[in-house]
Amino acid sequence: MTKIDPETRIPDPIELDRIEEDRLRAVAGLAPMRSPGGEYAGFDQVGIPDRPPQTEREREIYAIEEGEMLINMGPQHPSTHGVMRLLVKVRGEIVVDIDPVLGYLHRGIEKLCENATYTTVLTYVDPMDYLSTMHNEHAPAIAFEKLYGVRPPKRAEYIRALVVELNRVFSHGLMMGFLALDMGGLTPILYAFINRDEIVDLLSAISGQRMLFNFFRVGGVNFDTNDEFLSRLGTWRSNVMKNIEMNERMITDNEIFRARTIDMGTLSGQDAISLGVTGPNLRASGVPFDVRRAHPYSIYNELEFDVITQPGGDSYARYLQRIAEIKQSIHLIDQIIDKMPHGPVQAQVPGIIRPKPGRAYAAIESPRGLYSVYAISDGGPNPYRFRMRDPSFISLQAMPKLMPGRLVADTMAIMASLDPVMGGVDK
Amino acid sequence: MDFDLLLGVGRFLLATTLLLLLTVPTAFIIIQMEMKIIAQMNLRFGPNRIGPRGIFQSTIHGFKVLAKEDTVPDQADRSTFTLAPWMVYMAAAMSMLVIPFAPGAIAADLNIGIVYFFAVLGLSVVGLLVAGWASYNKYSLLGGLRSAAQMVSYEIPLTLSIVGAVVLAGTLSFSELIAWQLEHGWLLVWQPIGLGIFYVSSLAEVNRTPFDMVEADSELVAGPFTEYSGMRFGFFFFAEYVALFIMSGILVSLFFGGWLAPWPFPAQLGGFGGTLYGAFWFFLKTYIFVFIAVWLRATLPRVRVDQLMGMAWKVLLPLALVNLFITAIAVVVFDL
């Protein structure tokens, strides 16, 4: 290695930060970060960044007392639901503190969308929350329709509601499986994937894609229903309750499952509201907030459904909430099929949409909570600003509140009960 | 040289070689069962490429493990790291010495066979603890400590649960225990509580679901085995599956009559044919319990580490003591 002259070397950004912080600390009359005698103590310790803590939170989590140790769970860990790093401070097996470290799956989707035309934005948002792709497309579609001032035809609205409810069924179904998998149950996840596969086949019959459906358009949907879709839908509808109940029988009354989820990770309604948690996690804490009811969009004010809540707020309540919502979704699907009108599925919109300057906000109820889009138009063919609120990102905030005092084994079980999808968190 | 001594050495070499050789197909069969049965329960096909219906899949896995690179982490304690798989494997293989496969087919028919068995099988915890410590990995360390806590705790109800059977039969030798069962009926009838405690504790002792705390893959990646690769990893897995076989075999010998055939069949035959006949029933019954263990793995989630320990000390241990108390009184009162 070439030797660097310490006098002429350009300091790296972190070192510059450190110098700047020391300067500010000197102004405030505090001692410098580095101890006067030598280097910062963390330099020699494994698992601690080789720089002084930059924030109060960093100082707190990296301060290790006697008998404690830091474990990095992830990004390469079997059950972190994608690529997330949990910095866990443990005392023996008991979790003292936990710090989720995000960003390992960041793809800059918001920026990509700002450089895409309004039509192509709907393809970019697909891989965000990859278990609720239809919902990802629904919110921007509504926002852009508000911006452009176009309303989709009635039949398109019904087809949209149908596909998003189908998507919700498989997303909640997978959560049941993942929760069991993170406790060591091998089978429920495979049953859940069998259910998912049926729905995905169904949706691929209408959209042509199996995972990133790219089905929504500004002012409508891509395709009308076809014979294959409808016949598969009938088959699926006649089997779905049986399949869900088969999986439920393995989990719901299982003694071990109950012992590991009841009173585990209890989130009170007040805490959930102040953290901004939405969706099934919030309703499992007893707060009856559902975007479909509170701020009806699409055709939800024409349909009849219940906003179900659970009193518990623990992992088991969150699991029961998912099952109840699957049943509600199937109830909604029945109504949608009954009421679906005839007509076109796409409003007249030009190939390249140039909305008038303005701003629009659209919120929908995704399987993980309130998923919303805020779009600003400057009159050009692409959005000036495109901002997405992903509910799993907000749900993860609850983790440092739920986990301290629990065991290492519970971290994964509690995290699975919050049902985050890293694709959506990191965007 | 003394002819008897020579005969003894020859017999010892033959028995140990045969038992060590037996571990290989046993592990392969159980791994294959695990892959295929869990696949069927999950509504999957499972392995179906190598051999008819994929029956050579686990053999290929064995060879693959042999061919893989054997890595040692930089900071690991090299000597103990290398020794740990050995200790675990030898504990399992050595305890096979006293298993009564068939009349006349016991490698060492010790008069304290039961004591020997639990003493030797308990050694594997040392290997797991050493593996966890030597790997220089936090997951390994947690797994190793869990294994120490779990296996040491469960050895107590495990051992106590069979004291009732020992008191009834009045012997510590496996072959005499089976002879007693031939006369009085299987111990299953005499010791149902003991059987229940033994079964639960034996699952915990060999780290099977729902008690597979040691290598809890969704929490600790692979527990003490995280840093192992190649054949060292293979030895751990061989040991685990062999231990499952041994535990099922001991369960069968203690409570289900060992090599004795069930009711409509003649319980025992003489001569070499009788040995084969006994071995058939022994392996059949043993593999039924192996199947049940695999079945449990496909069905149940894992209990948490504190619930596991609580069950050993708060439920199983008192229950085992009560069982022993009742058995002892019954033996005295009814002069069994």
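Residues numbered from 1 in each chain as written. Chains lettered and ligands numbered in written order. Predicted model: local features only at pLDDT ≥ 70, side-chain atom pairs only at ≥ 80, totals over all residues.

Draft legend 1. How the structure looks around the overall build of chain A. Secondary structure assignment for chain A yields 17 helices and eight strands. In terms of C-alpha radius of gyration, chain A reaches 24 Å, essentially the compact-globule figure of 22 Å for 427 residues. Here the C-alpha coordinates of chain A stretch approximately 80 × 60 × 45 Å along the principal axes. Within chain A, the proportion of its 427 residues that are buried is 44%. Excluding contacts between residues fewer than 6 apart, the proportion of contacts in chain A whose partners are at least 24 apart in sequence is 68%. (Helix = DSSP H or I, 4+ residues; strand = E, 2+ residues; numbered from the N terminus. Rg over C-alpha atoms; globule rule 2.2 N^0.38 Å. Buried ≥ 20, exposed ≤ 12 C-beta atoms within 10 Å, placed from the backbone. Contact = placed C-beta atoms within 7 Å.)

Draft legend 2. Main features of the overall build of chain B. Scanning chain B from terminus to terminus reveals 13 helices and zero strands. Reading the secondary structure of chain B in the N-to-C direction produces α-α-α-α-α-α-α-α-α-α-α-α-α. Against the compact-globule benchmark of 20 Å for 336 residues, chain B has a radius of gyration of 20 Å, which places it among compact chains. Its C-alpha atoms put chain B at 60 × 55 × 50 Å along the principal axes. Within chain B, the fraction of its 336 residues that count as buried is 46%. Excluding contacts between residues fewer than 6 apart, the proportion of contacts in chain B whose partners are at least 24 apart in sequence is 79%.

Draft legend 3. Spatial organisation of the interface of chain B and chain A. On the side of chain A, 26 residues touch chain B, which itself brings 26 residues to the contact. Elements with a contribution of two residues or more to the side of chain B that touches chain A: α1 (3-41), α6 (138-169), α10 (217-220), α12 (271-299) and α13 (305-334) of chain B. For the side of chain B that touches chain A, the residue count by class is twelve nonpolar, five polar and nine charged. (Nonpolar A, V, L, I, M, F, W, Y, C, P; charged D, E, K, R; others polar.)

Draft legend 4. Representation of the confidence of the model for chain B in the model. Taken residue by residue, chain B gives an average pLDDT of 85. The fraction at 70 or more is 99%. When pLDDT is averaged over each element of chain B, helix α9 (residues 192-205) of chain B comes out on top at 89 and α10 of chain B at the bottom at 74. (pLDDT = per-residue confidence, 0-100.)

Draft legend 5. Expanded view of the environment of R249 of chain A. Its place among the elements puts R249 of chain A in helix α8 (residues 227-251). For the pair R249 of chain A and P188 of chain A, spaced 61 residues apart in the sequence, the C-alpha separation amounts to 9.7 Å.

Draft legend 6. Examining unusual backbone geometry more closely. Residues and elements named next belong to chain A. Phi is positive for N214, close to 50°, though the residue is something other than glycine. Here N214 shows up in the loop between α7 (187-207) and β4 (216-217). On the basis of neighbour count, N214 is assigned to the partly exposed category, with 17 C-beta atoms found within 10 Å.

Draft legend 7. The arrangement of the environment of G132 of chain B in detail. All names here are of chain B. Following the sequence through the fold, G132 ends up in helix α5 (residues 124-134). Along the chain, G132 and A298 lie 166 residues apart, while their C-alpha atoms are 27 Å from each other. Apart from the residues within four sequence positions on either side, G132 is in contact with S140, L141, G143, G144, L145 and P224.

Draft legend 8. Looking closely at the nonpolar core. By size, the foremost hydrophobic cluster in this structure holds 196 residues, and its most contacted members are V88 and V242 of chain B. Residue contributions to this core peak at 17 residues, all from helix α6 (residues 154-181) of chain A. Once residues lying within four places of it in the same chain are set aside, the contact partners of V88 of chain B are S124, G127, L128, F235, F236 and A239 of chain B. (Core = buried A, V, L, I, M, F, W, Y, C linked by C-beta atoms within 7 Å.)

Draft legend 9. Looking closely at the sheet that holds strand β3 (residues 94-101) of chain A. All names here are of chain A. Reading across the sheet, the three strands line up as β1-β2-β3 and stay open at both edges, with antiparallel pairing between neighbours. Each edge of the open sheet carries a strand with a single partner, namely β1 (68-73) and β3. Taking each pair of neighbouring strands and ignoring which way they run, the sheet shows an average axis angle of 20°. Here helix α16 (residues 408-418) sits on the sheet and contacts β1, β2 (85-91) and β3; the angle it forms with β2, its principal contact strand, is near 145°. (Pairing = 2+ DSSP bridges. Axes fitted to C-alpha atoms, helices over the stretch in contact; angles between N-to-C directions.)

Draft legend 10. Expanded view of the confidence of the model for chain A. Residues at a pLDDT of 70 or more form 91% of chain A, whose mean pLDDT is 84. Across residues 35-39 of chain A the pLDDT falls below 50, and counting only partners more than four positions away or on other chains, this stretch makes one contact in the model.

Draft legend 11. Structural view of the sheet that holds strand β6 (residues 358-366) of chain A. Residue and element names in this part refer to chain A. One open sheet holds the three strands; their spatial order is β6-β7-β8, and the pairing between them is antiparallel. Each having just a single partner strand, β6 and β8 (385-389) make up the two edges of the open sheet. Within this sheet the neighbouring strands show an average axis-to-axis angle of 10°, counted without direction. Relative to β8, strand β7 (residues 369-377) is paired through five bridges, and the arrangement is antiparallel. Looking across to β8, one finds that Y374 is bridged to R387. Each of β6 and β7 touches helix α5 (residues 133-148); the most contacted strand, β6, lies at about 150° to it.

Draft legend 12. How the structure looks around the packing of helix α3 (residues 78-95) of chain B against helix α4 (residues 113-121) of chain B. All names here are of chain B. Contact pair α3 / α4: the axes reach a minimum separation of 8 Å and the direction vectors enclose 170°. By the angle class used here, α3 and α4 are roughly antiparallel. Considering only the axes of α3 and α4, their crossing is left-handed. Where α3 approaches α4, its residues A91, M94 and S95 are matched on the opposing element by F117, V120 and L121. Here the contact of α3 with α4 is built from residues that sort into five nonpolar, one polar and no charged. (Parallel < 35°, antiparallel > 145°, perpendicular 65-115°, else oblique. Left-handed = near helix turned anticlockwise from the far one by under 90°.)

Draft legend 13. A look at α6 of chain B. Residue and element names in this part refer to chain B. With 32 residues, α6 ought to run about 46 Å at 1.5 Å a step, and its terminal C-alpha atoms sit 46 Å apart, in line with that. Considering bend angle alone, the principal kink of α6 is centred on V163 and spans about 25°. With 23 of 32 residues buried, α6 lies mostly within the body of the structure. G170 sits one or two residues past α6 and shows a positive phi near 70°. (Expected span 1.5 Å × (residues − 1). Bend = angle between axes of the 7 residues up to and from the residue.)

Draft legend 14. Summary view of the packing of α3 of chain B against helix α11 (residues 230-255) of chain B. Residues and elements named next belong to chain B. Where α3 meets α11, the axes come as close as 8 Å, and the angle between the chain directions of the two elements is 25°. The angle between the axes of α3 and α11 places the two elements in the roughly parallel class. You can see that α3 and α11 cross each other, and the crossing is left-handed. Contacts from P85, W86, V88, Y89, A92, A93 and S95 of α3 reach α11 at R232, F235, F236, F238, A239, V242, A243 and I246. Partitioned by chemical class, the residues of the contact of α3 with α11 number 13 nonpolar, one polar and one charged.

Draft legend 15. Summary view of the environment of V287 of chain A. Looking at the secondary structure, you find V287 of chain A in the loop between α11 (280-283) and α12 (291-294). Spatially, the C-alpha atoms of V287 of chain A and G29 of chain A are 48 Å apart, while their sequence positions differ by 258 residues.

Draft legend 16. Just the pairing of β6 of chain A, in detail. Pairing of β6 of chain A with β7 of chain A, which is carried by nine bridges, proceeds in the antiparallel orientation. Residue pairing in the sheet places Y361 of chain A in a bridge with Y374 of chain A of β7 of chain A.

Draft legend 17. View of α5 of chain A. Residue and element names in this part refer to chain A. The terminal C-alpha atoms of α5 lie 23 Å apart, and with 16 residues this matches the ideal 22 Å at 1.5 Å per residue to within 8%. With 15 of 16 residues buried, α5 lies mostly within the body of the structure. At the exit of α5 stands G149, carrying a positive phi of roughly 75°.

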